[in-house]
Amino acid sequence: MSGQKIDGRAYAQTLRGRVAQAVEGLPAQPALAVVLVGDDPASEVYVANKAKFTVETGMRSLKHALPADTDEETLIRLVRTLNEDPEVDGILVQLPLPKGLNSDRVIAEIDPDKDVDGLTEVSAGRLSLGKAGLRPCTPVGCVMLAKEQLGDLSGKHCVVLGRSILVGKPAALLFLEQNCTVTIAHSRTKDLADVCRQADILVPAVGRPQMVQADWIKPGACVIDVGINSVPSIKHPGKMRLVGDVNYLPSKKVAGSITPVPGGVGPMTIACLLRNTVLAACMRRGWEMPSILDF
Ligand code: GUN
């Protein structure tokens, strides 16, 4: 017996289709502003993909590219201008920023109602208080994939491995919002393998290649692997390949379902960003939320 592979690419495509359908029904086209500082090649690829899918789903993509030596005041001035622009629904500042720029200070300037990354303190506060707001994209993608696989998550034991601000903490709160019993495990957790083995839903998000072994997984569990780690390829010497935080092939034999890396959680992040852009537009402009985007 082998667990089912959860096809994040296919689910992300379906979600983008739902976003496009939602956009068609809106009174005007939402716009997403993406700010890229410097010329980091990986960031350029991410930003290009975000722009492509924004346009593909019928929204406007506004790119602001600034040189690597941009000073913090200039960047903050741009964010403030975007905050004030009634045409802009979502603002995303691509991370990491070049050395010398304090990302916390820059993110703090984003209007929480346009914070499609869900990274501001206000967005984090709204999430922890259970109030309406924009939620971080990758954790939302994790919950969507788990629900797609298991249906109602009420009463399931979800173990989130990792406590980062970007993924671990918000993922734990989002699974709690789904009425899961949630454990956050981390580097200081005792008997980590035993804790993971109790999970109906295991969400490793630590950035340690293939740390989670097959015998850490409860038979039949749903495994949502958030890790994206680049490691030297054995098959192709001199090349790198991507692996998750889970030792995939042996774990797939034990799990009920499991996300691959690549092709699992990764593609969900941009799809959830597009969804957030629609939600931000609806909230700020007083439009009805399209129920097609519920999960
Ligand atoms: N860099 C890599 N992923 C992300 C993301 O989801 N949001 C932002 N702002 N920067 C990133």
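Scroll up a little and you will see the structure.
Below is a short write-up of the structure. Quick caveat, the model's predicted, so the values are computed rather than measured. (Residues numbered from 1 in each chain as written. Predicted model: local features only at pLDDT ≥ 70, side-chain atom pairs only at ≥ 80, totals over all residues. Heavy atoms only, no water.)

Right, let's talk about the pairing of strand β7 (residues 201-204) for a bit. Neither face of β7 is exposed, since Ile 201 and Val 203 on one face and Leu 202 and Pro 204 on the opposite face are all buried. With 4 bridges connecting them, strand β5 (residues 157-161) and β7 associate as parallel partners. Within β7, the position partnered with Leu 161 by the bridge is Pro 204. Sheet topology note: the β7/strand β8 (residues 222-223) ladder contains 2 bridges and is parallel. Each residue of the ladder has a partner; that of Leu 202, found in β8, is Val 223. (Buried < 20%, exposed > 50% of the residue type's maximum accessible area, 1.4 Å probe, protein only. Helix = DSSP H or I, 4+ residues; strand = E, 2+ residues; numbered from the N terminus. Pairing = 2+ DSSP bridges.)

Moving on, we get to unusual backbone geometry. With an omega of 0°, the peptide bond between Leu 95 and Pro 96 qualifies as cis. Mapped onto the elements of the fold, Pro 96 is located in the loop between β4 (90-93) and α4 (103-107). Val 261 connects to Pro 262 through a cis peptide bond whose omega is 0°. Positionally, Pro 262 belongs in the loop between β11 (257-258) and α10 (266-285).

The topology assignment puts Ile 258 in strand β11. Among residues more than four places away in sequence, those in contact with Ile 258 are Gln 4, Lys 5, Ile 6, Val 223, Val 246, Tyr 248, Ser 251 and Lys 252. (Contact = heavy atoms within 4.5 Å.)

As a further point, take the sheet that holds β4. Across the sheet, 3 strands lie side by side as β3-β2-β4; this open sheet has parallel pairing. Where the open sheet ends on each side, the last strands, each with one partner, are β3 (60-66) and β4. Each neighbouring strand pair of the sheet contributes to a mean axis angle of 15°, computed without reference to strand direction. Where strand β2 (residues 31-37) and β4 come together, 4 bridges link them in parallel fashion. Bridge assignment links Val 35 to a residue of β4, and that residue is Val 93. Those strands touched by helix α3 (residues 72-84) are β2, β3 and β4, and its axis lies near 180° from that of β2. (Axes fitted to C-alpha atoms, helices over the stretch in contact; angles between N-to-C directions.)

Counting 53 residues, the largest nonpolar core has Phe 175, Ile 201, Val 203, Ile 224 and Val 278 as the members making the most contacts within it. Sorting the residues of this core by element identifies α1 (8-24), β2, α2 (41-56), α6 (137-150), β5, α7 (168-177), β7 and α10 as the ones contributing at least two each. The element contributing the most residues to this core is α10, with 11 residues. (Core = buried A, V, L, I, M, F, W, Y, C linked by side-chain atoms within 4.5 Å.)

Let's shift gears to the site of the ligand. Around the ligand, the neighbouring residues are Lys 50, Leu 92, Val 93, Gln 94, Leu 95 and Asp 117. Between the ligand and the protein, one listed contact pairs a nitrogen atom with a backbone N or O atom of Val 93 at 2.9 Å. Separating a nitrogen atom of the ligand from a side-chain N or O atom of Asp 117 is a distance of 2.5 Å. Burial of the ligand by the protein chains amounts to 74% of its free accessible area of 280 Å². Of the residues that constitute the shell around the ligand, the class distribution is 3 nonpolar, 1 polar and 2 charged. (Near = heavy atom within 4 Å. Polar contact = N/O pair within 3.5 Å; in protein donor to acceptor, adjacent residues only side chain to side chain. Areas by Shrake-Rupley, 256 points an atom, 1.4 Å probe, with all protein chains shown as cover. Nonpolar A, V, L, I, M, F, W, Y, C, P; charged D, E, K, R; others polar.)

Okay, α3 next. Residues separated by three or four positions in an α-helix point in the same direction, a consequence of the helix having 3.6 residues per turn. Helix length check: α3 (13 residues) gives 18 Å between terminal C-alpha atoms against 18 Å at 1.5 Å per residue, within 8%. Looking at α3, one finds that the buried residues are Glu 72, Leu 75, Ile 76, Leu 78, Val 79, Leu 82 and Asn 83. Seen along its axis, α3 keeps its buried residues to an arc of 155°; they face one direction. Looking at α3, the residues exposed on the side facing more than 90 degrees away from the buried face are Arg 77, Thr 81 and Glu 84. On its buried face, α3 sits against β2, β3, β4 and α4. Sitting at the head of α3, Asp 71 places a side-chain oxygen 3.1 Å from the backbone nitrogen of Glu 73. (Expected span 1.5 Å × (residues − 1). Arc of directions from axis to C-beta.)

What follows deals with the packing of aromatic side chains. This model, assessed by the stated rule, comprises 0 aromatic pairs. Between the NZ or CZ atom of Arg 16 and the centre of the ring of Phe 53, over which it lies, the distance is 4.1 Å. (Phe/Tyr/Trp six-rings, centres within 6.5 Å; stacked < 30°, edge-to-face > 60°. Lys NZ or Arg CZ within 6 Å of the ring centre and 35° of its normal.)

With the rule as written, the count across this model stands at 10 salt bridges. With a closest N to O distance of 2.7 Å, Arg 105 and Glu 72 form a salt bridge. Of this pair, Arg 105 sits in helix α4 while Glu 72 sits in helix α3; the two residues are 33 residues apart in sequence, bridging distant segments of the chain. The buried category is assigned to Glu 72, whose relative accessible area is 12%. Arg 135 is the partner of Glu 177 in a salt bridge, and the nearest nitrogen-oxygen pair spans 3.2 Å. Of this pair, Glu 177 sits in helix α7 while Arg 135 sits in the loop between α5 (121-129) and α6; the two residues are 42 residues apart in sequence, bridging distant segments of the chain. The class of Glu 177 is partly exposed, set by a relative accessible area of 37%. (Salt bridge = Lys/Arg side-chain N within 4 Å of Asp/Glu carboxyl O.)

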